[in-house]
Amino acid sequence: MKILGLTDSEVHEAREKFGSNRLSEAESESFFDKLRENLSDPMIKILSAALLINVIIYFLGLTGIVNTETEWYEPVGIAAAIAIAALVSTFSEYRNENAFRALQEEASKILCKAYRNGEIREIPIDDIVSGDYIMLGAGDRIPADGVIYEGSIKTDQSVLNGESKEASKRPKKGNEPPSDKNDLLSEYRVFRGTVVCSGNAVMIAETVGDKTLYGEIAGELRQDDDRDSPLKLKLTRLAESISKFGYIGGVAIAAALLIHKIVMAGSFGAYFAGGAAAIITDLLDALILAVIIIVMAVPEGLPLMIAIVSAMNMRKMLADNVLVRKISGIETAGSLNILFSDKTGTITKGMLEAVIFADGNGNEYRSMEDIPHGLSRLLSLCIYENSTAVMSGGRAVGGNATERAVLSFLGEHIPKIDVKKLYTLPFNSDNKYSASSVEVSASEDMAFRGTLVKGAPEKLLPLCKYSYDRDGKRVPFQSAVIDELINSLAERAIRVIALAVCDSVLTEESEGLPAGEYVLCGILGIRDEVRPESAAAISEVINAGVQVVMITGDRIDTASAIAKESGLLTGCEKELTLTSAELAKLSDKELSGKLKDIRVIARALPSDKSRLVRIAAELDLVAGMTGDGVNDSPALKKADVGFAMGSGTEVAKEASDIVILDDNFSSIGKAVLYGRTIFNSIRKFIIFQLTINVSAVVISFIAPLLGMDNPLSITQILWVNLVMDTLAALAFGSEPALSRYMREKPKSRREPIVNTYMKTEIITGAAWVVILSLVFLLTGLDTASGTIKEHGFIGRYFRDTMYLFTGYFSFFIFAAVANAFNARTEELNLFDNIGKNRGFLKVMGIIAAVQVIMTYLGGSVLGCYGLDLREWAVILVMALSVIPVDIIRKLIIKQNNRRRSL
């Protein structure tokens, strides 16, 4: 009966009644939504509090309520740091999200062949409505949930259930009971997102859009909440520490200044005799000093640096086929403790290949070129004339994956002879073979009339009494040799197909293979090959301290063979390979105890992935999950970082943090490396900034107690902040991704961002700068008279106080520059890998050059005056002494580490 399909009016009516086939997109964040989220960063909150305090003090100074030197550009500077940091990270995320949306839009441009108004039309998938009759063929992606109307197909439903086995679909039989609309085991129901592997059919669309099984799973994902990233947790704790330091420091500084005033007055009585106005003024001065010092202690440049380093690495990662959707995903990848990885397409190539052929005597050949001419002619006939795939443009198309793999083995060795096809018997899962009866003309150099058979060895080998040797001659079949070879290949995850010929032909009355004499042509080994780079990439990730667990729907023997070849299984007794059924028998407590030893989960179900991620979270592990199907999406969403494959479904990509565009495990390794690079760059920057901050705070605290004003003016402090914030962020933001980072242990979710090593460097560097500052000021300045100490250790080298304070300002900047070289590497060689970050040298060079220029052109505005060579020599010697002091610290730490390792 001719299929007419729906009319235009029926299409409109169906769309009104049952809805569109377009899937609702996950609500994407606007630029301002992302900006609002980035402004909630814990460090940004601290900066905002500091900004508010600065604004209040500035306006109090304007009104004359308090005597303060706070200038308008201080709050402006902090506001600029907040704005730049938030905007850089927002723009980077927004740009990558737009690139991701473009990929999703491209992936959704699928055309379907539907019957409309009595003819077949190609229409976009979004235009399909309930009731449409849709043609399906090999390679088509099913556009809606529905039933088979006519014909039969085999479908790959792995995107929904994770099962790699093809599902047969045919029309519903008249007496067949109805099945649930989401029953994937139904033989007549087909589902959106699944792929037709072979056959042809017409389906009737019943359920469309968000109401399909595919759409329901996608909808559930939009309701899940994200866990805070490890970096956010660390920064939150750092912000809390800075807040505590601020409160304690504020009280201590205010108290110290008041005590100093009392001591200077001579006694409590003398101090309070000065009157209430003087006491209130002193209290306000103490409060203002405390606030200024607290504001100086806040690392304003940290959010900006994180934004810059993340943005720079996002661009690098995109060039390496890693699309980062969420900035937090990069750093989280660097903190992974455990990674649950798919096998197919990630560790393996994701496509079947015929990798070996063996003749009846067990001789092995890697390609058609290796097979002697006599045997290769017969083999090419057996393969080419008994296949549902065809060669087009130099590659096999059509048929299922196995048929394409077998045909591809021929390469350019296509038989160029006149062959008449008599009858064919297609493959089915019951018989496990296909057959094709052919006749080759006697005029050809190989006359033949008979049947070419291809199928499971257990079906064909018992039929064979003879086999062909390497020269194409019949010899007695030695089954023991082939059986042993098949077992050997099975251990390498190679599936075997037998190829044979029979001297009889099929007829229409044939219910199976014809009776006759069967001769084995040989066996062909097929497998999904492990990617050449996978073993090295997996080894690198494992050496980085990340446990890798391969999850696959394959049988346990196949999974184990792939795991051994890729380096996941090393032969250690503790390594566990479990099936889904064995996993299900374990309680959560038992699984928690065994998780650290699991390497492979075979015959896995989608629910296994979600359970493993949940158990990892309960153990406080940072877990990563790879996936490509709709069924993987819940686990991708729940994982700390979800890696979706570029060839995967749109739903999986929506649920992910990072999209691996080339489906390659080595790209996941790169994501881990970049994540660790970002974290290490952040730590380097914190060392640099906190060293300068702490030293500036201590000097600002001590100076008034010693009877001198703050040696750095407000304008100079602004330049110091610029050096520490924007310029240093640019310098440290371009630090290279070093392979040695992959030899570090993963950072615990609870590990503080400032570790012991960093504390020693910050304290040592800050203490040395404070000591030098005190030497500089106390031996250069007579605090009683405010004049130069002509015979002082430092004073004798400077002409006047204005040159002394200019010298101190320059010393502080050059000490910061020297400290930057200390902070950027733990190695004794300060120029370690500096060639990979030439921007660092440029930025530090610019800072030094601008500082020199400022001393000669700054004048009274910047409080700078031109220094002579002798003064410059003193400044540089003192500033550069920061380097040998830190080298001594590094040597002591390295020596202690060696002792502990013995």
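The rules behind the values
Residues numbered from 1 in each chain as written. Predicted model: local features only at pLDDT ≥ 70, side-chain atom pairs only at ≥ 80, totals over all residues. Heavy atoms only, no water. Helix = DSSP H or I, 4+ residues; strand = E, 2+ residues; numbered from the N terminus. Buried < 20%, exposed > 50% of the residue type's maximum accessible area, 1.4 Å probe, protein only. Contact = heavy atoms within 4.5 Å. Pairing = 2+ DSSP bridges. Axes fitted to C-alpha atoms, helices over the stretch in contact; angles between N-to-C directions. Parallel < 35°, antiparallel > 145°, perpendicular 65-115°, else oblique. Left-handed = near helix turned anticlockwise from the far one by under 90°. Nonpolar A, V, L, I, M, F, W, Y, C, P; charged D, E, K, R; others polar. Core = buried A, V, L, I, M, F, W, Y, C linked by side-chain atoms within 4.5 Å. Phe/Tyr/Trp six-rings, centres within 6.5 Å; stacked < 30°, edge-to-face > 60°. Lys NZ or Arg CZ within 6 Å of the ring centre and 35° of its normal. Expected span 1.5 Å × (residues − 1). Arc of directions from axis to C-beta. Salt bridge = Lys/Arg side-chain N within 4 Å of Asp/Glu carboxyl O. Polar contact = N/O pair within 3.5 Å; in protein donor to acceptor, adjacent residues only side chain to side chain.

Enquirer: Could you give an account of the overall build of the protein chain, naming the residues involved and the relevant values?
Expert: Helices and strands together make up the secondary structure of the protein chain, namely 30 helices and 28 strands. Split into buried and exposed, the 902 residues of the protein chain put 53% on the buried side. The long-range share in the protein chain, meaning contacts at least 24 apart out of those at least 6 apart in sequence, stands at 72%.

Enquirer: Give a detailed account of the sheet that holds strand E26 (residues 658–660), specifying residues and quantitative values.
Expert: Across the sheet, which stays open at both edges, the eight strands sit in the order E8-E26-E25-E24-E9-E21-E23-E22 with mixed pairing between neighbours. One side of each edge strand has no neighbouring strand; the edge strands of this open sheet are strand E8 (322–324) and strand E22 (576–579). Averaged over all adjacent pairs, the angle separating strand axes in this sheet is 20 degrees, with direction ignored. Direction of pairing for strand E25 (residues 641–645) relative to E26: parallel, over a ladder of three bridges. Bridging from a neighbouring strand, Phe 643 pairs with Ile 658 of E26.

Enquirer: Residues and numbers for the packing of helix H23 (residues 665–705) against helix H26 (residues 801–823), please.
Expert: Put simply, H23 and H26 touch, their axes get as near as 9 Å, and they point 150 degrees apart. By the criterion of interaxial angle, the relationship of H23 to H26 is roughly antiparallel. Crossing angle aside, the handedness with which H23 passes H26 is right-handed. Along the contact surface, H23 presents Lys 684, Ile 687, Phe 688, Thr 691, Ile 692, Ser 695, Ala 696 and Ile 699, while H26 presents Tyr 808, Phe 812, Ala 816, Asn 819, Ala 820 and Ala 823. Tallied by class, residues from the contact of H23 with H26 come to ten nonpolar, three polar and one charged.

Enquirer: Please provide a residue-by-residue account of the pairing of strand E17 (residues 464–468), values included.
Expert: Judged from the three bridges that link them, E17 and strand E20 (residues 518–530) form a sheet pairing that is parallel. Its bridge partner being in E20, Tyr 466 is matched across the sheet by Val 519. Pairing of E17 with strand E18 (residues 474–476), which is carried by three bridges, proceeds in the antiparallel orientation. Its bridge partner being in E18, Tyr 468 is matched across the sheet by Arg 474. Remark: five residues form the turn of the hairpin made by E17 and E18, two consecutive strands paired antiparallel; Gly 472 in that turn has positive phi of roughly 85 degrees.

Enquirer: Any chance you could break down the nonpolar core for me, citing the residues and the numbers?
Expert: Nonpolar side chains tend to gather and get buried jointly when the protein is soluble and globular. Grouped together as the largest cluster of nonpolar side chains are 118 residues, with contacts concentrated most on Phe 643, Phe 665, Ile 682, Ile 686, Phe 732, Ile 753 and Phe 798. Per element, the largest residue contribution to this core is 18 residues, and it comes from H23. Those residues within four positions of Phe 643 in sequence are excluded, and the remaining contacts are Ala 333, Leu 336, Leu 339, Met 625, Thr 626, Gly 627, Leu 636, Ser 656, Ile 658, Ile 660, Ile 668 and Ala 671. Core analysis: the second largest hydrophobic core is formed by 32 residues, Phe 357, Phe 448, Leu 499 and Leu 524 among them.

Enquirer: Any chance you could break down the environment of Gly 780 for me, citing the residues and the numbers?
Expert: Looking at the element boundaries, Gly 780 is found in the loop between helix H25 (756–778) and strand E27 (781–782). C-alpha of Gly 780 to C-alpha of Gly 792: the two residues are twelve residues apart in sequence and 5.7 Å apart in space. Discounting residues that sit within four places of it in the chain, Gly 780 has contacts with Val 775, Thr 787, Ile 788, Lys 789, Ile 794, Gly 795 and Leu 804.

Enquirer: Hey, could you go over the packing of aromatic side chains for me, with residue numbers and the actual values?
Expert: Two aromatic rings, taken as a pair, are described by how far apart their centres are and by the angle between their planes. Scanning all chains against the criterion turns up 14 aromatic pairs. On the basis of an interplanar angle of 90 degrees and a centroid distance of 5.2 Å, the ring pair of Tyr 133 and Tyr 149 is categorised as edge-to-face. Highlighted residues: Tyr 133 in strand E3 (residues 133–136) and Tyr 149 in strand E4 (residues 145–156), separated in sequence by 16 residues. Three or more aromatic residues link up through ring pairs in this structure, and these residues are Phe 685, Phe 688, Phe 732, Phe 821, Phe 831 and Phe 840. Across the ring face of Tyr 214, the terminal group of Arg 192 is positioned such that the distance to the ring centre comes to 5.9 Å. The residue whose ring lies beneath Arg 889 is Tyr 757, and the NZ or CZ to ring-centre distance is 4.6 Å.

Enquirer: Pulling in residues and values, what's your account of the pairing of strand E15 (residues 433–440)?
Expert: In terms of burial, E15 is a largely internal element, seven of the eight residues being buried. For E15 and strand E16 (residues 448–455), the ladder comprises eight bridges, and the chain directions are antiparallel. Opposite Ser 436, over in E16, you have Leu 452 as the bridge partner.

Enquirer: Kindly report on helix H30 (residues 882–901), identifying the contributing residues and their values.
Expert: If you check H30, its first and last C-alpha atoms are 29 Å apart, about what 20 residues at 1.5 Å a residue would give, namely 28 Å. When we look at burial in H30, the residues that qualify are Val 882, Ile 883, Asp 886, Arg 889 and Lys 890. Each buried residue of H30 sits inside an arc of 120 degrees when the element is viewed along its axis, so together they form one side. The secondary structure elements touched by the buried residues of H30 are H25, H26 and helix H29 (869–880).

Enquirer: Which residues make up helix H12 (residues 373–384), and what values do they have?
Expert: Counted at 1.5 Å a residue, the expected span for H12 with its twelve residues is 16 Å, and the 16 Å between its end C-alpha atoms agrees. Buried within H12 are the following residues: Leu 375, Ser 376, Leu 378, Leu 379, Ser 380, Leu 381, Cys 382 and Ile 383.

Enquirer: So what's going on with the pattern of salt bridges? Residues and values would help.
Expert: Counted under the stated rule, the structure contains 33 salt bridges. For the salt bridge of Arg 170 with Glu 187, the shortest nitrogen-to-oxygen distance reads 3.0 Å. Residue Arg 170 is found in the loop between strand E5 (167–169) and strand E6 (189–190), and its partner Glu 187 is found in the loop between E5 and E6; the two are separated by 17 residues along the sequence. Residue Arg 170 is classed as buried on the basis of its relative accessible area, which comes to 18%. Take Glu 187: its relative accessible area is 41%, and that puts it in the partly exposed class. Measuring nitrogen to oxygen at the nearest pair gives 2.7 Å for the salt bridge that ties Asp 886 to Arg 889. One end of the pair is Asp 886 and the other is Arg 889, both in helix H30 and three residues apart, which spans about a single turn. Taken individually, Asp 886 and Arg 889 each receive the classification buried, so the pair is uniform in this respect. Put simply, Asp 588, Arg 611, Arg 614 and Glu 618 are held in one network by salt bridges that share partners.

Enquirer: Tell me about the side chain of Thr 579, and please be specific about residues and values.
Expert: For Thr 579, the position within the fold is in strand E22. By relative accessible area, Thr 579 is classed as buried at 17%. In contact with Thr 579, not counting residues within four places along its chain, are Ile 556 and Ala 602.

Enquirer: So what about unusual backbone geometry? Which residues, and what values?
Expert: Residues other than glycine seldom take positive phi values, yet Ala 493 does so here, at roughly 60 degrees. The phi dihedral of Asn 833 is positive, around 55 degrees, even though this residue is not glycine. With respect to the secondary-structure elements, Asn 833 resides in the loop between H26 and helix H27 (838–857). Classification of Asn 833 by relative accessible area gives partly exposed; the value is 23%.

Enquirer: Summarise the side chain of Asp 132; cite the residues concerned and give the values.
Expert: Relative to the helices and strands, Asp 132 resides in the loop between strand E2 (119–124) and E3. A polar contact of 2.7 Å, which involves the side chain of Asp 132, links it to the side chain of Arg 116. Of note is the side chain of Asp 132, whose polar atom sits 3.0 Å from the backbone nitrogen of Val 129. What Asp 132 contacts, discounting residues up to four positions off in sequence, is Leu 6, Tyr 115, Arg 116, Ile 123, Asp 127, Met 203, Ile 204 and Ala 205.

Keep in mind that these numbers describe shape and distance, not what the molecule does.
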